Number of protein chains: 2
Amino acid sequence: MRQVAILGIGQIKVDEHWDLSLRELGGNAAFAAMQDAGMDKVDALFVGNMLSPLVSGQNQLGAFFSDWIGLWDQEAVKVEAACGSGAAALRSGLMAVASGDLDSALVVGVEKMTDKAGHDVTAALATAADADYEVEQGISFVGINALVMRRYMYEYGWKHEDFAPFSINSHANAMNNPYARLHEKISVEKFEKSSMVATPINLLDASPTGDGAAAAILVPAERVMSLPGKPRITIAGSASATDSIAVHSRKDPLFLNAAYLSSRKAYEMANVGPADIDVFELHDAFSIMSALSLEACGFAERGQGVRLGLDDEIGLNGRVPVCTRGGLKARGHPVGATGMYQIVEVVQQLRGECDKTQVDGAKVGMAQNIGGSGATILTHILTTN
Amino acid sequence: MRQVAILGIGQIKVDEHWDLSLRELGGNAAFAAMQDAGMDKVDALFVGNMLSPLVSGQNQLGAFFSDWIGLWDQEAVKVEAACGSGAAALRSGLMAVASGDLDSALVVGVEKMTDKAGHDVTAALATAADADYEVEQGISFVGINALVMRRYMYEYGWKHEDFAPFSINSHANAMNNPYARLHEKISVEKFEKSSMVATPINLLDASPTGDGAAAAILVPAERVMSLPGKPRITIAGSASATDSIAVHSRKDPLFLNAAYLSSRKAYEMANVGPADIDVFELHDAFSIMSALSLEACGFAERGQGVRLGLDDEIGLNGRVPVCTRGGLKARGHPVGATGMYQIVEVVQQLRGECDKTQVDGAKVGMAQNIGGSGATILTHILTTN
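Counting from 1, residues in each chain are numbered in the order their sequence is written. Each chain is given a letter, starting from A, and each ligand a number, starting from 1, according to the order in which they appear as written. Local features in this predicted model are restricted to residues of pLDDT 70 or higher, and side-chain atom pairs are both shown and tallied only at a pLDDT of 80 or more, whereas totals for entire chains, interfaces and linings draw on every residue. With hydrogens and water stripped out, all remaining heavy atoms of the structure feed into the side-chain values.

Draft legend 1. Representation of the overall build of chain A in the model. Counting from the N terminus, the helices are the DSSP runs of H or I reaching at least four residues and the strands are the DSSP runs of E reaching at least two. Looking only at helices and strands, chain A features 14 helices and 11 strands. All radius of gyration figures rest on C-alpha atoms, and the globule criterion is 2.2 Å times the number of residues raised to 0.38. Over its C-alpha trace chain A gives a radius of gyration of 19 Å, about what one expects of a compact globule, namely 21 Å for 385 residues. When its C-alpha atoms are laid out on the principal axes, chain A stretches across 55 × 45 × 40 Å. Note on classification: 1.4 Å probe, protein chains only; a residue is buried when its accessible area is under 20% of the maximum for its type, exposed when over 50%, partly exposed between these limits. Looking at chain A as a whole, 68% of its 385 residues qualify as buried. In chain A, the proportion of contacts linking residues at least 24 apart, taken out of those at least 6 apart, comes to 78%. As presented, chain A carries roughly 12300 Å² of accessible surface, and 49% of it is formed by carbon and sulfur atoms. We treat Lys and Arg as the positive residues and Asp and Glu as the negative residues; His and chain ends play no part in the count. Positions of charges follow a simple convention, taking NZ of Lys, CZ of Arg, CG of Asp or CD of Glu. Side-chain charges in chain A split into 31 positive and 45 negative, and the spacing between the mean points of these groups amounts to 2 Å. Every residue pair with non-hydrogen atoms within 4.5 Å of one another is taken to be in contact. Computed with a 1.4 Å probe, the accessible areas rest on the Shrake-Rupley method; for each residue, only the protein chains presented here act as cover.

Pasting the structure below:
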């Protein structure tokens, strides 16, 4: 397959956008990416989205957005893998350009969540879990994650406050990101006093949802080589893997096997290892997921992911800087858009555009996007030179 | 891009499957395709589906099915383009194998529709239209198609009974297809006396929905070459194009521009033209769509698609045999699965497995799958030698 580069990126602030329709949310991110790339036409559009049928009564987002943004006639399709939809759309666009069939692709992750009441959104998010064997029992999505976190604390002897550094790090980094939903520094004390959602997950363990959209333009890498002055950001590694959709069916509910598999494939494809990763945008939908993701990707031993936070190895000068633009926890988690925010943020790091949260000399960045409670996990590695 | 072949196919009868869950529907078609291909593992799963979030409360069908059918660990994703979801999933699988990143892919189109009451399904199907500018006005999906059909009759002077041959042909062909939902021969008289749905579309202009699933296994074409006795079915052409999602926004609501564009790209890629097509599985969701599809794909002049039915050019011995296994009209239209039924049926024709509806010596077959009222249209051309 031929090498593919990211030529342009775009995003909008994660927020409650009462004044922007679903069309405008995705459209604004798409326009920003096309402007950044200096292109007014692309061969195809790949949209990552999870909830539009349930929240907006709208399917067929491919044609929906290609119409709105003026890509008439062009190929367009929607890709869905729950909260992993954004990276899944990226991978679909990547395959099409890598195959040689298309010479450019626009990938947009978009989610409109705030048009529905909270309990409706909770019900819609539960469609990421197993409807027959999990949701039917009445458990919510956060409830499933709470069971995992509780078991992890029991097995490895961690206290709740040991997870605080993940949230504190994300909130601190988001202070410098104008596109982040939350701009509020937090402390261990505040973390511990936060309202309980589903024991042991409290409000500061959990990422806020929101309306959002992020986009990128893919082109053959050789094309970027001929554009003087454009940063050369290559998709060096891309892989997707799955696990059983219901957590109770897994051999080990405390190991993200799909993260392990997709990261290993991505490392191999990019010819790098964990030690080479300068920045890691991980999927901190809940603080427990940060720990599990770091362990599965080879940054920590089993049960020791929490240690990386406590030892400040996840900070901007640490061994593996994570959530450098605020992560899901503070940038916000507009579910089907999140994977593309992660990609945009890694590109910003590799371009050196991150101001106070810039990781010095970042050359290799990784993004990991998770659908469901670890059922679909996609890992992408971007490099620059 | 490297050439890709279809090594195995599978399908289940379109019906009201009260005894089969969503899992079992898709799983049974997947197992049949894997058995047909003689494979028990594939690199990835691509699922085409439109309604599962709305009808079954289930998203993330990639991981959902890879779990159920024992493809643990493997990549899996869902692709959605309304009623064009099946072919959209096929094209995603095709790109991944053509790129060289994957060496095999299972594509499953699946839809569970009968678990909800009719009015709920009608509302769910309306998500294929423009929620803000069509559905908000209270029009249903069949209502939109009725407006198009009425205008076509007015512009070109056709009577309602002139559309009868399309439905009669599909019903006659379905008599020989055990997987078809309807096994009932119809006549012009019966067609004219059928209950009105949305003037001028009556029950026999419209395809029946249902539960269904159809699947195919994709591998590099070179691999099939080394398997003696296996029919060599190659995906010679594949293209997707879009039009505005709302019919009222189109320059000409009576021309399927996305069918025109995707068929021309597919012809070019396969190096064939309309005259070379031995069998054409078109998307007869409504009888008017048969006429429009034939015109856009170069088989008839503007406004003259109906003529092909009246002159019996669409029959098994006609110039362009269509809906040889019953089409959407009589095989049934489980929306997100339909595109894969069409592919399976073209493969059956090229393999010579169609018994009484076999088109003699069929070597080049085309399938066209339509999302919405022509907003997303995918055309695939399969060849054998």
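Moving on, there is more to tell.
Draft legend 2. Focus on the nonpolar core. We call a set of buried Ala, Val, Leu, Ile, Met, Phe, Trp, Tyr and Cys residues a nonpolar core when their side-chain atoms join them within 4.5 Å. The biggest cluster of nonpolar side chains holds 144 residues, and the ones touching the most others in it are Ile-6, Leu-106 and Leu-218 of chain A together with Ile-6, Leu-106 and Leu-218 of chain B. Residues in contact with Leu-218 of chain B, not counting those within four places in the same chain, are Val-4, Ala-5, Ile-6, Leu-90, Gly-93, Leu-94, Val-97, Asp-103, Ser-104, Ala-105, Val-107 and Ile-235 of chain B.

Draft legend 3. Looking closely at the packing of aromatic side chains. The criterion for an aromatic pair is that two Phe, Tyr or Trp rings (for Trp, the six-membered ring) have centres within 6.5 Å, with stacked assigned to planes under 30 degrees apart, edge-to-face to planes over 60 apart and tilted to the rest. Applying the stated criterion to the full structure yields 12 aromatic pairs over all chains. Relative to Phe-65 of chain B, the ring of Phe-64 of chain B lies with its centre 5.0 Å away and its plane at 85°, an arrangement referred to as edge-to-face. Residue classification places Phe-64 of chain B among the buried residues on the basis of a relative accessible area of 1%. Given a relative accessible area of 3%, Phe-65 of chain B falls into the buried group. A network of ring pairs unites the aromatic residues Tyr-152, Tyr-156 and Phe-163 of chain A as a single cluster.

Draft legend 4. Summary view of the interface of chain A and chain B. Listed by partner, the interface residues are 55 residues for chain A and 55 residues for chain B. A quick way to say it: buried area is the sum, across both parts, of accessible area lost when two parts are put together, with a 1.4 Å probe. Buried area between chain A and chain B, both sides added, is near 4300 Å², and the carbon and sulfur share of it is 46%. Think of a salt bridge as a Lys or Arg side-chain nitrogen and an Asp or Glu carboxyl oxygen that are within 4 Å of each other. One can count 10 salt bridges joining chain A with chain B. Between N or O atoms, a polar contact is any pair within 3.5 Å; within protein, one atom must be a potential hydrogen donor and the other a potential acceptor, and residues adjacent in sequence are included only when both atoms are from side chains. Where chain A packs against chain B, one counts 36 residue pairs in polar contact (both at pLDDT 80 or more). Elements that contribute at least two residues to the side of chain A that touches chain B include exactly α2 (52–55), α3 (61–68), β3 (75–80), α4 (85–99), β8 (233–242) and α10 (257–270) of chain A. Charged means Asp, Glu, Lys or Arg here, nonpolar means Ala, Val, Leu, Ile, Met, Phe, Trp, Tyr, Cys or Pro, and polar covers whatever is left, Gly included. Looking at the side of chain A that touches chain B, its residues break down into 28 nonpolar, 16 polar and 11 charged.

Draft legend 5. Seen up close, the state of the cysteines. Disulfides are defined in this document as cysteine sulfur pairs within 2.5 Å. Taken as a whole and assessed by the stated rule, the structure comprises 0 disulfides over all chains. With no disulfide of its own, Cys-323 of chain A lies closest to Cys-297 of chain A among cysteine sulfurs, the gap being 12 Å. Judged by relative accessible area, which is 1%, Cys-323 of chain A ranks as buried. Between Cys-354 of chain B, a cysteine without a disulfide, and Cys-323 of chain B, which holds the nearest cysteine sulfur, the sulfur-to-sulfur distance is 13 Å. Relative accessible area serves as the criterion here: at 0%, Cys-354 of chain B is assigned to the buried category.

Draft legend 6. Structural detail: empty space enclosed by the protein. Residues are called lining when one of their atoms sits within 4 Å of a cavity or pocket point, these points coming from a 1 Å grid over the protein atoms alone, where a cavity is a set in which a 1.4 Å probe fits but cannot get out and a pocket is an open set with protein on both sides within 12 Å along at least five of seven lines. Grid points are joined across faces, edges and corners, and a volume is the space filled by probe spheres set on the points. Across all of its chains, the model carries 5 cavities of 30 Å³ or more by this definition. Taken as a whole, the largest cavity spans an internal volume of roughly 190 Å³. Going through the elements one at a time, β3, α4 and β11 (376–384) of chain A together with β3 (75–80), α4 (85–99) and β11 (376–384) of chain B are the ones with two or more residues in the lining of the largest cavity.

Draft legend 7. A look at the relation of the copies chain A and chain B. For the pair chain A and chain B, the superposition axis carries a translation of 0.0 Å, the fit reaches an RMSD of 0.0 Å, and the rotation angle comes to 180°. The transformation relating the two chain copies, once decomposed into turn and shift, fits a two-fold axis. Nearest to the rotation axis, the C-alpha of Ser-99 of chain A is located 1.8 Å from it, this being the minimum over chain A. Here 100% of the interface residues in chain A have copies in chain B that are interface residues too; the copies meet face to matching face. The fit set for superposing copies consists of C-alpha atoms from residues with pLDDT of at least 70 in both; the fit itself is least squares.

Draft legend 8. Geometry of the pattern of salt bridges. Per the stated rule, a full pass over the model turns up 39 salt bridges over all chains. Between Arg-23 of chain B and Asp-132 of chain A there is a salt bridge, with its nearest N and O atoms 3.0 Å apart. One end of the pair, Arg-23 of chain B, is in helix α1 (residues 22–37); the other, Asp-132 of chain A, is in the loop between α5 (118–125) and α6 (141–156), on a second chain. Take Asp-132 of chain A: its relative accessible area is 36%, and that puts it in the partly exposed class. One salt bridge connects Arg-302 of chain A with Asp-252 of chain A, and the closest N-O pair in it is separated by 2.6 Å.

Draft legend 9. Expanded view of the packing of helix α6 (residues 141–156) of chain B against helix α11 (residues 287–296) of chain B. Residue and element names in this part refer to chain B. Where helices are involved, their axes are fitted lines through C-alpha atoms of the stretch in contact, as for all axes, and angles between N-to-C directions lie from 0 to 180°. Axis separation between α6 and α11 bottoms out at 9 Å; the angle between their running directions is 65°. Seen from above, α6 lies across α11 with left-handed handedness. For the pair α6 and α11, contact is made by Asn-145, Val-148, Met-149 and Tyr-152 and by Ser-287, Ile-288, Met-289, Ala-291, Leu-292 and Glu-295, respectively. When its residues are assigned to classes, the contact of α6 with α11 shows 7 nonpolar, 2 polar and 1 charged. By convention the crossing between two helices is left-handed if the near helix lies anticlockwise of the far one by an angle smaller than a right angle, and right-handed if it lies clockwise.

Draft legend 10. Region of the structure containing the pairing of β11 of chain A. Residue and element names in this part refer to chain A. Buried residues dominate β11, accounting for 9 of its 9 residues. By the alternation rule, side chains of β11 split into Thr-376, Leu-378, His-380, Leu-382 and Thr-384 and Ile-377, Thr-379, Ile-381 and Thr-383, which are all buried. Here 9 bridges tie β8 to β11, and the two strands are oriented antiparallel to one another. Paired with Ala-239 across the bridge in β11 is Thr-379. Where strand β10 (residues 364–371) meets β11, 8 bridges bridge the pair, whose relative direction is antiparallel. Residue pairing across strands places Met-366 opposite Ile-381, the latter belonging to β11. A strand pair is defined by DSSP finding two or more bridges across the two strands. Linkage of β10 to β11, two consecutive antiparallel strands, is achieved through a turn of 4 residues, within which Gly-372 is found at a positive phi near 65°.

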